[in-house]
Amino acid sequence: GYNTLQDEGARFLRNNMTIFARSLAPMEQELGQDNFTATYRYDGSAGGPAAEVVGYRNQTTNWRTNNGAFAMTGSPDDWHWGEEVEGRGVNAKLTSKIGDAEIRYGLNYQNQEARTLNAYKLTSASGREEADVKGVFVEGTVPLWQRLALTAGTRFDHYSYDDSMGQSFSSSGFSPSARLNWQATDALGFYTGASRTVRGVGLMESFMLHLGSARPNASDLKEETAHNIELGFNYASGPFSLKGSVFHLTIDDYIDINSSSVRDNLGKVVSKGYELSGAWQSGPFSISAGVAHSKPKLNGRAL
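Residues numbered from 1 in each chain as written. Predicted model: local features only at pLDDT ≥ 70, side-chain atom pairs only at ≥ 80, totals over all residues. Heavy atoms only, no water.

Trainee: Which residues make up the side chain of Ser164, and what values do they have?
Mentor: Along the chain, the position of Ser164 falls in the loop between strand S7 (148-162) and strand S8 (168-182). Owing to a relative accessible area of 8%, Ser164 belongs among the buried residues under this scheme. Those residues in contact with Ser164 that lie beyond four places of it in its chain are Ala125, Ser126, Gly127, Arg128, Glu129 and Leu209. (Helix = DSSP H or I, 4+ residues; strand = E, 2+ residues; numbered from the N terminus. Buried < 20%, exposed > 50% of the residue type's maximum accessible area, 1.4 Å probe, protein only. Contact = heavy atoms within 4.5 Å.)

Here it is as structure tokens:
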């Protein structure tokens, strides 16, 4: 599959950053996106495990032209500048049956590059970044007893990242998870799960590359580690369905911009909350409603 998008016109500079002056200034922009994917599937009917392999390449380019409302720092009028982000990767998953158990395993690879286009007088930074993620995983679903089943697995990832200031970062770790499902009746089921997830340092927002050393990474920047616990239920009978869950999530070494405009590990995030939704359907008619609530805090203060 292939798809492309071309968009040209007067667009807001950064309409998600209203805290910054002139972020809602309209300026002429040219956005281009090209996405290519190739997929192979094998159902395993002729022997061997079922397989799915997906390869992809995505490229996004954004050009801007200075105007009276906004200009890249120090650049002349009508300066044409922008960024390009390119990503490519492969995801491969195999599925095998061993008795009543189903085992899924495979690998993931992702490479990303971000670069400035026609940046004006970048002196202390290269205006280019690159990040790689390599991972392998295995998980399985095992029936334990009649209406009870366990799904458990782990993945191992290695992250590498080279920033625009010539710094290199790398990290790796295991991300295990487990979920226990109990189908109490034909209509009502319960589940509980727990997971630990490691996420390494990745690309900063490409727009920030034009700022050079004004938005550096801390030299000791390290990966984030998250722990999540969840408890929930699902109910479906006739035209009615209902589901809900409660969760408690912590993220250690949370990454964000600190008070000195440096991307750094800021501390611990704790987020807990719940989700609840229900629906009714009869023939072609349906109605649904839901509510979700969470209160994330960073080092005990509202995030």
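Trainee: Give me the lowdown on the pairing of strand S5 (residues 101-117), citing residues and values where you can.
Mentor: Remark: a regular strand shows side chains that alternate across the two faces of the sheet. Pairing between strand S4 (residues 80-98) and S5: 17 bridges, direction antiparallel. Opposite Leu94, over in S5, you have Tyr105 as the bridge partner. Where S5 lies against strand S6 (residues 128-145), 14 bridges are found, and the strand directions are antiparallel. Counterpart to Ala114 in the pairing with S6 is Glu129. (Pairing = 2+ DSSP bridges.)

Trainee: Which residues make up the packing of aromatic side chains, and what values do they have?
Mentor: A complete count under the given rule lists five aromatic pairs for this structure. Aromatic pair Trp79 and Tyr120: ring centres 5.0 Å apart, planes at 80°, arrangement edge-to-face. Here the residue Trp79 occupies a position in the loop between strand S3 (50-65) and S4, and Tyr120 occupies one in the loop between S5 and S6, the gap between them amounting to 41 residues. Arranged with centres 6.3 Å apart and planes meeting at 40°, the rings of Trp81 and Phe207 form a pair that is tilted. Taken as a pair, Trp81 in strand S4 and Phe207 in the loop between strand S9 (188-199) and strand S10 (224-237) lie far apart in primary sequence, 126 residues in all. (Phe/Tyr/Trp six-rings, centres within 6.5 Å; stacked < 30°, edge-to-face > 60°.)

Trainee: Help me get a handle on unusual backbone geometry, residues and values and all.
Mentor: In this structure, Asp253 is a non-glycine residue whose phi angle is positive, near 60°. You can see Asp253 is positioned in the loop between strand S11 (240-252) and strand S12 (255-257). Its identity as a non-glycine residue notwithstanding, Asn299 has a phi of 50°, on the positive side. Given the relative accessible area of 48%, Asn299 is considered partly exposed.

That's the geometry; what it means functionally is another story.
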